[in-house]
Amino acid sequence: MSALPQSRRGRGRGRRQSAGVALLMVIASITILALVLLEFSGSARTHLSAGTNIRDDIRAQTAADTAMVLTRACLDPTAWGPAASMQSKLDLEKLCDMMLKIFTEGRLDLPIGGLSMELEGLEGTGMEKGVIEHFELRPEASFIGLAGLLCPGQRNGCEVQRSTVRMMRTVLCNPRINYIFEREQADGKAYTRADIIANIIDWMDPDDSRVQVDIFTGRVADDLGEGEDSYYRDVQGDRYRSKDAPMDSIEELRLIRGINDELFFFLQNRVSVHASGKIDFNTASAATIATILKSMNNRLTLLDGNSGDECADNSDERYAVEAQIERYAQLVVEARNMKSAFAMLGNAVKSAQNAQQLIADPVKVIQPYIMLQSNQPDPTMAALLYLERKGWTLQDYTMAQQFGAAASGGFAALVKTESNLYRLRARARVGNITRTVFAVLKRDGKIIRTLYYREE
């Protein structure tokens, strides 16, 4: 075979080189395009996820706000029509929670036996994309009421003020916060528990005179020393002075001298700035009831007074007495809740006298319910079996019950069974997003007012 002409061989090499370059360009283009598409895909997923989160955030916030709006409707006496007079006799937390589930989930949860039924065909609020996963409605009077520290127009104080001072002393003697009173705060001052209580009173009372507090007797007297505003003027400059009026929100505690962040976070779920010092016995926690009982216990007061300190922190006897009171308060709450379960939507305690009976002897009050539950016809045996199941010996219960009986009269004087101020916390979830609203609602005649609102 004869050799190809030189020109034809050159053209063949040129075509192969052009094809190689084209292939490299195609590969490079595909690589760049793939990188662009990969970046675009990641960016699109990020934006889609962000958009979904924004959508779910709005839905969750709307769901939580819807819970508040429906709660306002539940509390509104005008919505009850002729049955409005029954409102104060019912457990509104149970009732409003039940109504909330009807309108948001199309489900009726009955207050007895854990029974639940789906309500077919009920459209409700159309919140199928979200759920109210936590709902809490409690009277502000379930907590220790700081408004009880004021005695308007009574220069020599009043009994509610003295009892509130003693209760606050008990709260501040909690061993968990001892360290706060053992060191200086950011302003270079160390505060006692009496200082904190006096500073709260000075923040709210209408005058400019400092007060002095005896935390053992609860008595409050004018102190002829510096004025209330001198500290705020010296330390805070001209930023603010004492309010000289009742507090509007729990956050105001952070403005008061001596209340740092640690003390505020400890107090915020134990006290109310709206309640007046009397306790709603139907909803008070075991901790709140124990606080009141401790504040009335002469043995604890004597131990603290003899120690030369505001709280006898290192006394084993003090710890033993406190532990017994806390166990007894838990038993009181369990007895109240047992009565409440049989009352369905009604309040377990309808009068101060009912509360006094529960404090004096909780087991005696619920003896009929115990006999019914245990199928034990003998009342004494039924009570003994109940106490044994709760970890009590008869001797321990008798000792605690004697103190309860002695304190029951004074306790009843601090009890209320109707409330018009409520603390609402509702948490809604949509997807991975949760939103919580916190509000204080006041039932003012036929009007429901929102005294305070925040998103958490």
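Data block above holds the structure.
Because the structure is predicted, anything quoted here is derived from the model rather than measured. (Residues numbered from 1 in each chain as written. Predicted model: local features only at pLDDT ≥ 70, side-chain atom pairs only at ≥ 80, totals over all residues. Heavy atoms only, no water.)

Q: Got a minute to help me understand the environment of V165 in this structure?
A: Summarising the element assignment, V165 is placed in helix 3 (residues 159-172). Taking the relative accessible area as the measure of exposure, V165 reaches 0% and is therefore buried. The sequence separation of V165 and V220 amounts to 55 residues, and the corresponding C-alpha distance is 8.7 Å. Apart from residues lying up to four places away in sequence, V165 is in contact with L149, I197, V213, D214, I215, G218 and V220. (Helix = DSSP H or I, 4+ residues; strand = E, 2+ residues; numbered from the N terminus. Buried < 20%, exposed > 50% of the residue type's maximum accessible area, 1.4 Å probe, protein only. Contact = heavy atoms within 4.5 Å.)

Q: Even after reading the chapter, I still don't get the pairing of strand 11 (residues 433-444), so can you show me in this structure?
A: Two faces belong to every sheet, and in a regular strand the side chains alternate between them. Inspection of the sheet shows strand 10 (residues 421-430) paired to strand 11 by 10 bridges, in the antiparallel sense. From the neighbouring strand, A428 faces strand 11, where its bridge partner is R435. A loop of two residues connects strand 10 with strand 11, the two strands running antiparallel in sequence, and G431 in this loop sits at a positive phi of about 60°. In this structure, strand 11 lies alongside strand 12 (residues 447-455), joined through eight bridges in antiparallel fashion. Residue pairing in the sheet places R443 in a bridge with I448 of strand 12. (Pairing = 2+ DSSP bridges.)

Q: Help me understand unusual backbone geometry in this model?
A: Leaving glycine aside, a negative phi is the common case for residues, and trans is the common case for peptide bonds. Here the phi dihedral of D244 falls at roughly 60°; this positive angle occurs in a residue that is not glycine. In this fold, D244 is placed in the loop between helix 5 (228-236) and helix 6 (261-267). Overall, the relative accessible area of 26% leaves D244 in the partly exposed class. Not every positive phi belongs to a glycine, and N375 is a case in point at roughly 55°. With respect to the helices and strands, the residue N375 is situated in the loop between helix 12 (367-374) and helix 13 (379-389). Residue classification places N375 among the exposed positions, given a relative accessible area of 68%.

Q: Where do I start with empty space enclosed by the protein in this structure?
A: Picture a little ball the size of a water molecule; that probe, rolled over the atoms, points out where space is still empty. Here the structure, examined in full by the defined rule, presents five cavities of 30 Å³ or more. Along its surface, the largest cavity is lined by 17 residues, and L90, L92, P139, D280 and Y422 are the ones closest to its centre. Mapped by element, the contributors of at least two residues to the lining of the largest cavity are helix 2 (92-105) and strand 3 (131-139). Across the lining of the largest cavity, the residue classes break down as five nonpolar, seven polar and five charged. The volume enclosed by the second largest cavity comes to roughly 50 Å³. (1 Å grid on protein atoms, 1.4 Å probe; cavity = no way out; pocket = protein on both sides within 12 Å on 5 of 7 lines; lining within 4 Å. Points joined across faces, edges and corners; volume = space filled by probe spheres on them. Nonpolar A, V, L, I, M, F, W, Y, C, P; charged D, E, K, R; others polar.)

Q: It is not clear to me how the layout of surface pockets should be interpreted in this structure. Could you clarify?
A: Looking at the second largest pocket, its volume works out to about 360 Å³. Lining the second largest pocket we find 19 residues, and of these N174, R270, A287, T291 and K294 sit closest to its centre. Listed by contribution, the elements that provide at least two residues to the lining of the second largest pocket are helix 3, helix 7 (286-295) and helix 9 (316-342). Residues that form the lining of the second largest pocket fall into these classes: eight nonpolar, six polar and five charged.

Q: Just to check I follow, could you spell out helix 3 for this structure?
A: Residues that lie three or four places apart on an α-helix share one face, since the helix turns once every 3.6 residues. Its 14 residues place the ends of helix 3 20 Å apart at the C-alpha level, agreeing with the 20 Å of an ideal helix rising 1.5 Å per residue. Helix 3 sits mainly inside the fold: 11 of its 14 residues count as buried. Of all the positions in helix 3, only Q161, R162, S163, T164, V165, M167, M168, R169, T170, V171 and L172 are classed as buried. (Expected span 1.5 Å × (residues − 1).)

All quantities given are derived from atomic positions and should not be read as evidence of function.
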